[in-house]
Amino acid sequence: MSPRTAVVTGASSGIGAATARKLAEAGFHVVLTARRADRLEALAKELTEQGSSASVYGLDVTDRAAVDAFATALDQYPPVHVLVNNAGGAVGTEPVATADPADWRAMFEVNVLGVLNVTQALLPALTASGDGTVVVLSSTAGLATYEGGGGYVAAKHGAHVIAETLRLELNGKPVRVIEIAPGMVRTDEFALTRFRGDADRAAAVYAGVAEPLTADDVADTVTWAVTRPAHVNVDLLVLRPRAQASNYKVHREEPQ
């Protein structure tokens, strides 16, 4: 395989970091982006010590000028074939009636406009590669609603619609659009951020669930999808742990 670049947003932790590791193992030069450059540097060091190829670029995906500058900087790397739009997150569980619009705005900025910014900026390079892939890491929240999730659900519905619309608009172009929609994934930060640092509430999300998904589970799935033959497009793949039948039906073991 000739040298190819995969860009991963939100690569400083969780699913993003795990995906960067898996793509590096698959032979891609991985460009790690996120706001926390120190974490990216540590991950890049880990990957290069293992014989993989990785670069770091501190980036806030909600800053369009910075995203455009990043797209220009990619000229120094092998051709960009893969973009993994992973940056995102949830804030708060308040009902629609009392939610803070600032929280909704923050979630919309990163989950929707962040995907739009980076995808728009990198589409010319992905198209020019002759075999490009845009991955949108959405969520089962982008497919079904649940109480207390209004802002996050709205944002992830937006990300889902970007992927669905872009696929239609790029039909006939050498670019695939893949959406991976994970359900319950236990990572170090997602629930903790959502509950504003309340570790007990964050832990309760996974209480009694023997095996929620891990970041590695999602990363394996992303890597499998982007390494299918170029004519194979995984339009939408919903990924849940066996214990989760829907956003609101989860099997929990009784405490022993």
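Here the residue index of a chain counts from 1 through its sequence in written order. The predicted nature of this model means local features are confined to residues of pLDDT at least 70 and side-chain atom pairs, given and counted, to a pLDDT of 80 or more, with totals for whole chains, interfaces and linings taken over all residues. Excluded from the side-chain calculations are hydrogens and water; all other atoms, namely the structure's heavy atoms, are used.

Some remarks on the environment of tryptophan 104
Under the scheme used here, helices are H or I runs from DSSP no shorter than 4 residues and strands are E runs no shorter than 2 residues, and both carry numbers assigned from the N terminus. Mapping tryptophan 104 onto the fold places it in helix 4 (residues 101–128). Note on tryptophan 104: relative accessible area 31%, which makes it partly exposed. Between the alpha carbons of tryptophan 104 and alanine 154 there is a distance of 8.6 Å; along the sequence they are 50 residues apart. Residues within four places of tryptophan 104 in sequence aside, it is in contact with Val96, Ala99, Gly150, Gly151 and Ala154. Accessible area is worked out with a 1.4 Å probe on protein chains only. A residue is then buried under 20% of its type maximum, exposed over 50%, and partly exposed in between. Contacts: residue pairs with any heavy atoms within 4.5 Å of one another.

Topic: the packing of aromatic side chains
Between the rings of Phe, Tyr and Trp (Trp by its six-membered ring), a pair exists once the centres lie within 6.5 Å; its type follows the angle of the planes, with under 30 degrees stacked, over 60 edge-to-face, and the other angles tilted. Counting across every chain of the model gives two aromatic pairs. Summarising the aromatic geometry, the rings of tyrosine 57 and phenylalanine 70 are spaced 4.8 Å apart at their centres and angled 55 degrees between planes, so their arrangement reads as tilted. Taken together, the positions of tyrosine 57 in strand 3 (residues 53–58) and phenylalanine 70 in helix 3 (residues 64–73) put the pair 13 residues apart, joining distant regions of the chain. A relative accessible area of 24% places tyrosine 57 in the partly exposed class. Looking at phenylalanine 70, the relative accessible area reads 0%, which means it is buried.

Points about empty space enclosed by the protein
Method remark: on a 1 Å grid restricted to protein atoms, a set of points is classed as a cavity if a 1.4 Å probe fits but cannot get out and as a pocket if it is open with protein on both sides within 12 Å along at least five of seven lines; lining residues have an atom within 4 Å of a point. Grid points are joined across faces, edges and corners, and a volume is the space filled by probe spheres set on the points. For the coordinates displayed, the defined rule picks out one cavity of 30 Å³ or more. Taken together, 15 residues form the lining of the largest cavity, with Val91, Gly92, Glu94, Trp104 and Met107 sitting closest to its centre. Within the residue set of the lining of the largest cavity, elements represented by two or more residues are helix 4 and helix 5 (150–169). We call Asp, Glu, Lys and Arg charged. Ala, Val, Leu, Ile, Met, Phe, Trp, Tyr, Cys and Pro are nonpolar, and the rest, Gly among them, are polar. Classifying every residue of the lining of the largest cavity gives five nonpolar, six polar and four charged.

Some words on a nonpolar patch on the surface
Grouping into patches uses exposed residues only, defined as over 30% relative accessible area, and leaves out salt-bridged ones; the cut-off is 9 Å for like charges and 5 Å for nonpolar side chains (Val, Leu, Ile, Met, Phe, Trp, Tyr). Note that accessible areas follow from Shrake-Rupley with a 1.4 Å probe, and for residues the cover is restricted to the protein chains shown. Take a side-chain nitrogen of Lys or Arg and a carboxyl oxygen of Asp or Glu: if they are within 4 Å of each other, that pair is a salt bridge. Residues Leu143, Leu236 and Val238 make up a contiguous nonpolar surface patch of roughly 210 Å² in combined accessible area. You can see valine 238 is positioned in strand 7 (residues 236–239).

None of the figures reported here should be taken as evidence of function without further support.
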